[in-house]
Amino acid sequence: MARTISAVVAITLALAIVVLGGWYFTLAFGVIVFLGQREIFQLVQAKGIFPAAKTTFVVSQLLLLVAHLSPALANAVLPLGGTFICFYLLFQPKRATIADVAASILGLFYGGYLPSYWIRLRDLGAAGTLPLQGFWPQWPLAIDTLPLGLTLTVTAFACIWAADIGAYLVGRSFGRTPLSDISPKKTVEGAVFGVIGSITVGALSSAGLGWPYPLLSGAALGALIGVSSLLGDLTESLMKRDAGVKDSGQLIPGHGGILDRADSYVFTAPIVYYFATLLLPILPG
């Protein structure tokens, strides 16, 4: 019951924040990134590694703000922020190790830079009608009146949910072949049907959104999302397994920590963003 209630509340809040966009989405995402990075650093500290946690928190929040205010400059924050983090570690009283530096950069890249693409994606075609650049659709609802970033973000979320649900249901009922010893409960059967579920949702969504070659382009995006969400899940499982813990945290009742719920979204955001900004525009029609 706790798991079900938590899932319903999380999905409702996620959809509301995605629809609003603007500063509502950016600030809410800043909270999620902070909580996720804190769990990352707790995992590495369990291994006796001491990253520049506070400095990385600050740099990552700055990165998210830049991603919203000036997306073209966001990529510059990563190397500059990494340089600043290394500078801090070099001149702290306790001598830093290679692992300290690596964990700090991991926290910045995995926990801050990659998630910043969700902000860039949601801001595509932004159309603020509320204070703080917020948006709320007018009724009766018409798909062609929605901002591009909103439809892309909802489509990406739906593909991720389809991949997670398909993998869970099929893997639990029919899974027999282990996928990886990193996550013993995952099966090849579940992974395959998870990707198929993502492809199906992507193809159906693209047809409704009027993309060029909708079935082909939507299926391609669904396949990319299905695979990247699985890789995100396995990456977080690898970190937890190495740290010797079952969950990344206990923040969400019945689910564990933020990373336990958001791992499928980390690698997905840049793939969807560049698919929409680089590939779709060059397709004829």
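Residues numbered from 1 in each chain as written. Predicted model: local features only at pLDDT ≥ 70, side-chain atom pairs only at ≥ 80, totals over all residues. Heavy atoms only, no water.

*Asks:* In this structure, what is going on with the overall build of the chain? I would like to understand it.
*Replies:* Within the chain, the secondary structure is distributed over eleven helices and zero strands. Listing each helix as α and each strand as β along the chain from the N terminus yields α-α-α-α-α-α-α-α-α-α-α. Radius of gyration (C-alpha) of the chain: 19 Å, near the 19 Å computed for a compact globule of 285 residues. With respect to the three principal axes, the spread of C-alpha positions in the chain is 60 × 50 × 40 Å. A total of 285 residues make up the chain; the buried ones form 46% of that total. Residue pairs in contact within the chain that sit at least 24 positions apart in sequence constitute 70% of those at least 6 positions apart. In the form shown here, the chain has an accessible surface area of approximately 14,400 Å², with 73% of it arising from carbon and sulfur atoms. In the chain, 16 side chains carry a positive charge and 13 a negative one; their mean positions are 6 Å apart. (Helix = DSSP H or I, 4+ residues; strand = E, 2+ residues; numbered from the N terminus. Rg over C-alpha atoms; globule rule 2.2 N^0.38 Å. Buried < 20%, exposed > 50% of the residue type's maximum accessible area, 1.4 Å probe, protein only. Contact = heavy atoms within 4.5 Å. Areas by Shrake-Rupley, 256 points an atom, 1.4 Å probe, with all protein chains shown as cover. Lys, Arg positive; Asp, Glu negative; His and termini not counted. Charge placed at Lys NZ, Arg CZ, Asp CG, Glu CD.)

*Asks:* Would you mind going over the pattern of salt bridges with me for this structure?
*Replies:* It is possible for side chains of opposite charge to pair when their charged atoms get near one another. If you walk through the whole model with that rule in mind, you get four salt bridges. With a closest N to O distance of 3.3 Å, Asp-233 and Lys-186 form a salt bridge. With Asp-233 in helix H9 (residues 214–243) and Lys-186 in the loop between helix H7 (148–174) and helix H8 (188–209), this residue pair connects regions lying 47 residues apart in the sequence. Of the charged contacts in the structure, one is a salt bridge between Lys-240 and Asp-260, with a shortest N-O distance of 2.9 Å. Linking Lys-240 in helix H9 with Asp-260 in helix H10 (residues 258–262), this pair joins segments that are 20 residues apart in sequence. By relative accessible area, Lys-240 is classed as buried at 11%. Here the salt bridges do not stand alone but share partners, grouping Glu-236, Lys-240 and Asp-260 into one network. (Salt bridge = Lys/Arg side-chain N within 4 Å of Asp/Glu carboxyl O.)

*Asks:* Help me out: how do you make sense of H8 in this one?
*Replies:* In an α-helix, one full turn covers 3.6 residues, which means residues spaced three or four apart are oriented alike. The end-to-end C-alpha distance of H8, which contains 22 residues, comes to 31 Å, matching closely the 32 Å that a straight helix rising 1.5 Å per residue would cover. Three or more residues of H8 are buried, namely Gly-190, Ala-191, Gly-194, Val-195, Gly-197, Ser-198, Gly-202, Ala-203 and Ser-206. If you follow the buried residues of H8, they end up packed against H7 and H9. Among the residues trailing H8, Gly-210 stands out with phi positive, at a value near 75°. (Expected span 1.5 Å × (residues − 1).)

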